[in-house]
Amino acid sequence: MDRQSPDVAEAYERDGFVAPLDILTDNETRALRDDFEEAERILKDDPDKLKLLYSYPDRLIPSFDALLRHPKLIEVASTVLGPDLMVWSGALFVKEVRSTKIVSWHQDLTYWGLDDAEEVTCWVAISEASEQSGCMKFVPGSHKSRIVPHVDTFSENNLLSRGQEIAVDVNEQDAVAVELRAGQASMHHGHLFHASGPNNTDDRRIGAALRFIKPSMKQKNGVKTLVALVAGRDDFGHFLVAPSPRGFLNESDFVLCQRDADRRKQILFAGAQ
Ligand SMILES: O=C(O)CCC(=O)C(=O)O
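Right, let's walk through the structure included here. On a predicted model such as this, the values are computed, not experimentally measured, just so you know. (Residues numbered from 1 in each chain as written. Predicted model: local features only at pLDDT ≥ 70, side-chain atom pairs only at ≥ 80, totals over all residues. Heavy atoms only, no water.)

### Considerations on the nonpolar core
Defined as follows: The nonpolar core is taken to be a set of buried Ala, Val, Leu, Ile, Met, Phe, Trp, Tyr and Cys residues, with the residues joined through side-chain atoms within 4.5 Å. Accessible area is worked out with a 1.4 Å probe on protein chains only. A residue is then buried under 20% of its type maximum, exposed over 50%, and partly exposed in between. For the purposes of this entry, the term helix denotes a DSSP run of H or I that reaches at least four residues, the term strand denotes a run of E that reaches at least two, and both are numbered from the N terminus. When checking whether two residues touch, look at their non-hydrogen atoms; a contact exists if any pair is within 4.5 Å.
Judged by nonpolar contacts, the single largest core of 45 residues is most densely connected at M187 and F212. When residues of this core are assigned to their parent elements, the largest contribution, five residues, is made by helix α6 (residues 71-81). Non-local contacts of M187, meaning those with residues more than four positions away in its chain, are made with V8, Y12, G16, F17, V18, L21, V76, V80, V120, T121 and C122.

### Topic: helix α1 (residues 7-15)
The line we're drawing: By arc we mean the arc of the directions from the helix axis to the C-beta atoms, nothing more.
Looking only at α1, the buried set comprises V8, A11, Y12 and D15. Along the long axis of α1, the arc covered by the buried residues comes to 100 degrees, so they all point the same way. Turned more than 90 degrees off the buried face of α1, the exposed positions are E10 and E13. Residues of α1 that are buried sit in contact with β1 (17-22), α6, β5 (119-125) and β10 (184-189). Phi for G16, located one or two positions after α1, is positive at around 85 degrees.

### Considering the packing of aromatic side chains
Inclusion rule: Stacked, edge-to-face and tilted are the three classes for Phe, Tyr and Trp ring pairs, Trp counted by its six-membered ring, which pair at centre distances within 6.5 Å; planes under 30 degrees apart are stacked, over 60 edge-to-face, the rest tilted.
All told, the structure shown has three aromatic pairs when counted by the stated rule. Ring geometry for F17 versus F138: centroids 4.9 Å apart, planes at 45 degrees, classification tilted. Of the two residues, F17 is situated in strand β1 and F138 in strand β6 (residues 136-138); the sequence distance between them amounts to 121 residues. Across the pair, exposure class does not vary: F17 and F138 are buried alike. Ring centres of W88 and W112 lie 4.8 Å apart, and the angle between their planes is 25 degrees; this geometry places the pair in the stacked category. Of the two residues, W88 sits in strand β2 (residues 85-89) while W112 sits in the loop between β4 (103-106) and β5, which places them 24 residues apart along the sequence.

What follows is the structure in structure tokens.
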């Protein structure tokens, strides 16, 4: 889809998602993947730092910080949220070669502790996301329901933090598989029902889930989580605005990320058994 088309806003309003959006060149996509896989190699014997890398690639690798500010992403996110944009999280969802890992049906905003729904995810394919490799599936129009009840499964096979899943029936027949070539993106609403299946291919399926929010949002418990201010201004001071990474895998950036991860744990696991 042409990202400049007025249809973007219309399709988003109607379906709760828009895809595919052409965002990155092959070279830009390759450079991001190379940087991420180089960082993985460097951290392979340090599980704590590796975990932070998956959650905070944008705070630890300069090219991922630049991705949040990519003019094409800013343009599509602004279509929905306006000119002032923060990124609340830029975590990676990685499904290894022939991995059985899945993501169960859920609505993103269920457990993030935010006070409003002024949020949109731009999910950028760093490698191909096909039905075979476990691309996301969306239920068009489901964003119009408010948050429905979820149950925690804590299943080992689920990439979500609590293995949370929607407790009401989701009709798989209604779902649309959103296939993306590497470098393309989808955007989806924080109330949209979505899920993804296993990776049955010989390549890793790597996606960066960029959570754009309006600076007027806040955490309901008053905690200031770490965000990036990527366009316009912050007139509210509800979040801790992160500096750009001080280098590639900089030690003080790890400290910043670990502090934020500790704060977020209290939010993401609130009420869990
Ligand atoms: O990467 C996936 O398969 C799921 C990602 C997801 O649920 C999300 O970005 O909201």
